[in-house]
Amino acid sequence: MGKENYRLTAGAGIPMLGGGEAVVEKEINFNGQGFVYLVKYRGNEYVLKWYFYDRLNHPEEFRNNLIQNVRDGAPEGSRWFLWPKDVSGYYMANGEKKAFGCLMDVPPTDYTAFDDLCIGYRWKKSAEKGAKAVKEECRFASLEARVTAAINIVKAFRSLHRTGKSYQTLNGDRFLINAKNGDVFLKDCDLVTSDGVYWGLGGFPGYMAPEVVRGEAMSDVFTDRFSLAVVLFRLFFRADPLEGKRDFERAALEETKELRQYGTDPVFIYDPENDTNRPVRGVHDNVIKLWPLYPSCLRDAFTRMFTEGMTDPEKRMTEEYWLKILFRLRSDIIDCPGCGKKTFSAMFYHAKHHMCVCKTCGTNFYTLQINDMEIPLYPGLKLYRCYTEKAEDYETITGEVIENKNHKGLFGIKNLSEKYWQARFPSGDLREIRPGAGVPIWKGLMIDFEDDIKARVLW
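These lines cover the structure that appears in this document, whether it is placed above or below.

What counts, and where the lines are drawn
- Residues numbered from 1 in each chain as written.
- Predicted model: local features only at pLDDT ≥ 70, side-chain atom pairs only at ≥ 80, totals over all residues.
- Heavy atoms only, no water.
- Pairing = 2+ DSSP bridges.
- Helix = DSSP H or I, 4+ residues; strand = E, 2+ residues; numbered from the N terminus.
- Axes fitted to C-alpha atoms, helices over the stretch in contact; angles between N-to-C directions.
- Salt bridge = Lys/Arg side-chain N within 4 Å of Asp/Glu carboxyl O.
- Buried < 20%, exposed > 50% of the residue type's maximum accessible area, 1.4 Å probe, protein only.
- Patch = residues over 30% accessible without salt bridge, like charges linked within 9 Å, V, L, I, M, F, W, Y side chains within 5 Å.
- Areas by Shrake-Rupley, 256 points an atom, 1.4 Å probe, with all protein chains shown as cover.

**Observations regarding the sheet that holds strand β29 (residues 454-458)**
An order of β21-β20-β29-β28-β25-β26 is seen for the six strands of this open sheet, with the pairing classed as antiparallel. Pairing within the sheet leaves two strands with one partner each, and these edge strands are β21 (373-376) and β26 (430-433). Strand-to-strand twist of the sheet, defined as the mean angle between neighbouring strand axes without regard to direction, takes the value 25°. Two strands pair when backbone bridges link them, and strand β20 (residues 367-370) and β21 are joined in this way by four bridges, in the antiparallel orientation. If you follow L368 over to β21, its bridge partner there is I375.

**What about the pattern of salt bridges?**
One pass over the structure, following the stated rule, counts 28 salt bridges. For K49, the salt bridge is made with D188, and the minimal N-O distance between the two is 3.2 Å. Here the residue K49 occupies a position in strand β4 (residues 44-52), and D188 occupies one in the loop between β13 (184-186) and β14 (192-194), the gap between them amounting to 139 residues. An identical accessibility class is assigned to K49 and D188; each is buried. For the salt bridge of K342 with E144, the shortest nitrogen-to-oxygen distance reads 3.2 Å. Placement of the pair is K342 in strand β16 (residues 342-344) and E144 in helix α3 (residues 143-162), with a sequence separation of 198 residues.

**Focus on a nonpolar patch on the surface**
On the surface, a nonpolar cluster with roughly 330 Å² of combined accessible area is contributed by I119, Y121 and W123. Here W123 lies in strand β9 (residues 121-124).

Without other data, these values stay purely geometric and don't point to any function.
If you want it as structure tokens, here you go:
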């Protein structure tokens with residue numbers, strides 16, 4: 001039976017397991033598994049994914065998994081997920097099961113596709129009939145928005161993995177991002193399964209872990225973590241971490257090339273021990289330009305991920321590890337008050353190692369050493385609970401660098417936590433910093449945040 005035999009028409013009512021009918025408003029799309037419709041259900045609009053029974057490798061298991069995901073609900077209350085809301089009954093023909101559907105939230109229209117942000121533009125159809133599509137620029141509003149998007153992507157997968165679930169076919173097309181503030185939604189969550197369960201769905205070249213490409217493993221948390229690292233690399237460097245001169249220069253059948261490039265012989269483009277696959281100027285210009293702009297902590301994480309983690313799944317970065325790197329990265333963005341330049345401290349001149357000096361206007365910044373980490377002290381810098389306390393809280397702000405209201409040009413660190421800090425000045429004098437109070441930034445100033453966490457202002 002062809003797809004036209006169970007294509008739905010406007011006004012058709014689809015009985016849902018949760019009660020009532022979803023009424024079809026219009027067809028949105030068609031893919032290899034079935035149709036996608038806009039429907040109205042209980043007064044609200046939803047997307048209905050209408051699956052062809054015979055196009056799924058394990059249709060009964062797939063449908064039962066959808067029902068279970070509906071019962072479980074989205075991790076952390078759907079904060080990052082367009083999650084299945086309900087499942088329909090079967091569409092029957094000649095006594096056989098032919099189709100069924102799944103209700104999901106309508107994707108937000110003011111979000112941008114991940115791939116479009118990586119490319120830098122998208123083609124937008126004109127409202128006028130017959131008019132050419134318009135090339136529209138797609139970019140993040142700020143560095144903070146880009147880093148925040150990465151943080152939200154990692155948080156989404158942390159919450160997913162904590163519930164014992166994984167994503168079968170992760171790739172860039174699965175993400176919708178608010179380019180203004182970095183908010184993220186993961187769509188196509190009908191592909192989420194319990195960890196270790198495999199529906200036989202094909203992955204996407206360039207995103208799959210090597211062992212999956214080789215056919216030696218099925219999707220699980222460890223393969224998800226490899227795919228997650230690819231997504232993060234593409235987000236920051238707008239390039240494929242495994243595509244360099246080696247595979248660019250070789251002519252081969254596409255299938256054979258993909259197997260070698262991503263499965264049997266993958267080589268990271270910045271592998272410190274193997275330079276055979278470096279980016280090609282004029283072809284991979286994005287990563288050539290962007291790689292040196294980011295701090296070493298991020299570059300080192302990707303290098304470890306795509307060398308040691310390439311062959312050993314146990315050495316792949318956990319979501320907690322990525323969050324530590326990304327929150328440190330967010331604190332490493334300097335907003336220079338002298339010229340308005342905003343970039344990572346890696347692009348500032350480092351005088352005597354500890355001071356950051358703007359190459360454009362010469363404004364200099366002290367750095368704050370917290371245990372083994374150094375953070376540039378610029379106006380507006382936020383300190384988070386994970387820095388000042390022994391906690392895995394990367395969001396609660398516990399301190400901020402502010403300008404003295406009465407003395408322009410004099411800056412200090414304000415205590416926004418609920419704890420008392422103790423400051424030791426270079427003279428040896430001690431001062432208690434109560435919640436809501438501040439302390440001026442002096443060379444050699446030391447702050448005891450308690451919990452054996454100490455900080456020192458360096459020059």
